Amino acid sequence: DLLPRTHRAYPRLVLPYEDVDGYAVLSTWIATNSRSGGGSLVIQQEAGAGSPDPPPPVIETCLPSSIRAEFGEAFSDYTRQNAENWLLQPYIQQKGVKYTLVPASALMPGWAGDNWNAPYDTWRANYTTFSIVGFDSHRSRAVLFATQLEQSGTSRDLFLFGRKGAAWLLEYRYNCGSVFE
């Protein structure tokens, strides 16, 4: 017997991420979080549900009620967008910052004990994963989750941005501790 069409196991479609505002938010994150020292930022290409370490749901209990209200639509869009499989494209534009998009398969064996062991083995490399950006309906608020793995440790943070004219500005950064682990 064949299963009904709705019950067949189909591989999920992987979509190229091509949101101009999304890349503007990622560029703003890079401008405020990239390390100096001449190293290149290494970014995992897979994002959303396509990532081996998908972004967590927004844990609203760790956010003030005023933030939940102000960014509510963007949180909903973040959840919807990150349920899909996405591949980041080389559209991030941040002057003076070099980056390389790398498939997760090349990064997963990246850490061997306390030693950096990935193909991108310079000690200055930052291995970063991004969620897909969630927006409110006016595209004036944005939500991004980023994980940075470095020799000094791992940070997993929720970043909230506001649009001022054509620019995106980081307004809030939340680390909800073990909630995101």
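What comes next concerns the included structure.

### Concerning the sheet that holds strand S3 (residues 46-48)
Reading across from one edge, S1-S4-S3 is the order of the 3 strands in this open sheet, with mixed pairing throughout. Each edge of the sheet is formed by a strand with only one pairing partner; in this case those strands are strand S1 (14-16) and S3. Ignoring which end each strand starts from, the neighbouring axes of this sheet average 40° apart. Sheet topology note: the S3/strand S4 (residues 85-87) ladder contains 3 bridges and is antiparallel.

### Brief notes about the packing of aromatic side chains
Scanning the model with the defined rule gives 9 aromatic pairs in all. On the numbers, 5.3 Å between centres and 75° between planes, the contact of Tyr23 with Tyr91 is edge-to-face. Residue Tyr23 is located in helix H1 (residues 20-33), and its partner Tyr91 is located in the loop between S4 and strand S5 (99-102); the two are separated by 68 residues in the primary sequence. Since its relative accessible area comes to 4%, Tyr23 is described here as buried.

### Considerations on the nonpolar core
Counting residues in hydrophobic clusters, the biggest one holds 23 residues, and the most contacted among them are Leu88 and Phe130. Sorting the residues of this core by element identifies H1, strand S2 (41-44), strand S10 (141-150) and strand S11 (153-164) as the ones contributing at least two each. Counting residues per element, this core draws most heavily on H1, at 5 residues. If we skip the residues at most four places from it in the chain, Leu88 touches Tyr17, Tyr23, Leu26, Ile43, Gln44, Gln45, Ala47, Leu101, Phe130 and Ile132.

### Details of the side chain of Arg156
Within the secondary structure, Arg156 sits in strand S11. For Arg156, a relative accessible area of 12% translates into the label buried. Side-chain polar atoms of Arg156 contact the side chain of Thr147, separated by 3.5 Å.

Conventions and cut-offs
- Residues numbered from 1 in each chain as written.
- Predicted model: local features only at pLDDT ≥ 70, side-chain atom pairs only at ≥ 80, totals over all residues.
- Heavy atoms only, no water.
- Pairing = 2+ DSSP bridges.
- Helix = DSSP H or I, 4+ residues; strand = E, 2+ residues; numbered from the N terminus.
- Axes fitted to C-alpha atoms, helices over the stretch in contact; angles between N-to-C directions.
- Phe/Tyr/Trp six-rings, centres within 6.5 Å; stacked < 30°, edge-to-face > 60°.
- Buried < 20%, exposed > 50% of the residue type's maximum accessible area, 1.4 Å probe, protein only.
- Core = buried A, V, L, I, M, F, W, Y, C linked by side-chain atoms within 4.5 Å.
- Contact = heavy atoms within 4.5 Å.
- Polar contact = N/O pair within 3.5 Å; in protein donor to acceptor, adjacent residues only side chain to side chain.

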